[in-house]
Amino acid sequence: MLNNILTHFTKILPITLLGFVLQSCSDPLDDEKYTTIEGGFPKLIDVPDRPKTMSSRDIDQKKHQLDADRLEAEKLAEQNYKMATK
């Protein structure tokens, strides 16, 4: 009896799996099938030009300014901490 059940199971299982595979591959979802691309995409002429690369002198000046800003922020943070802990 168990042999008979296993024989039927081994016949039905591949057919069922094949059915699931074919059903999943059949057709795309309705909303994907009939929609078009929508939206206000920019035209190539509307895209800005690539920014120019900075010279090494400009990079050094920017780095120096950022370092000065960081030191000033650290001093202010230290002053604020001292005021808060008084």
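Residues numbered from 1 in each chain as written. Predicted model: local features only at pLDDT ≥ 70, side-chain atom pairs only at ≥ 80, totals over all residues. Heavy atoms only, no water.

### Describing the overall build of the protein
Okay, step 1: Helices and strands together make up the secondary structure of the protein, namely three helices and zero strands.
Okay, step 2: Its helices and strands in sequence order give the protein the pattern α-α-α, from N to C terminus.
Okay, step 3: Counting every position in the protein, which comprises 86 residues, the buried fraction comes to 0%.
Okay, step 4: Accessible surface, the protein: about 9100 Å² in total, of which carbon and sulfur atoms supply 62%. (Helix = DSSP H or I, 4+ residues; strand = E, 2+ residues; numbered from the N terminus. Buried < 20%, exposed > 50% of the residue type's maximum accessible area, 1.4 Å probe, protein only. Areas by Shrake-Rupley, 256 points an atom, 1.4 Å probe, with all protein chains shown as cover.)

### Overview of the pattern of salt bridges
Okay, step 1: Per the stated rule, a full pass over the model turns up three salt bridges.
Okay, step 2: The residue Glu74 makes a salt bridge to Arg70 at a minimum N-O spacing of 3.2 Å. In this pair, Glu74 and Arg70 are both assigned in helix H3 (residues 56–85), four residues apart and thus about one turn of the helix distant.
Okay, step 3: When the shortest N-O distance is used, the salt bridge between Lys82 and Glu78 registers 3.4 Å. Of the two residues, Lys82 and Glu78 both sit in helix H3, four residues apart, roughly one turn of that helix. (Salt bridge = Lys/Arg side-chain N within 4 Å of Asp/Glu carboxyl O.)

### A look at a nonpolar patch on the surface
Okay, step 1: A contiguous nonpolar surface patch, about 410 Å² in accessible area, is contributed by Phe9, Leu13, Leu17 and Phe20.
Okay, step 2: As for its position among the elements, Leu17 is in helix H1 (residues 2–24). (Patch = residues over 30% accessible without salt bridge, like charges linked within 9 Å, V, L, I, M, F, W, Y side chains within 5 Å.)

### Looking at the confidence of the model for the protein
Okay, step 1: Here the protein averages 83 in pLDDT, and 86% of its residues register 70 or above.
Okay, step 2: The secondary-structure element of the protein with the lowest mean pLDDT is helix H2 (residues 30–34), recorded at 59, while H3 shows the highest, at 96. (pLDDT = per-residue confidence, 0-100.)

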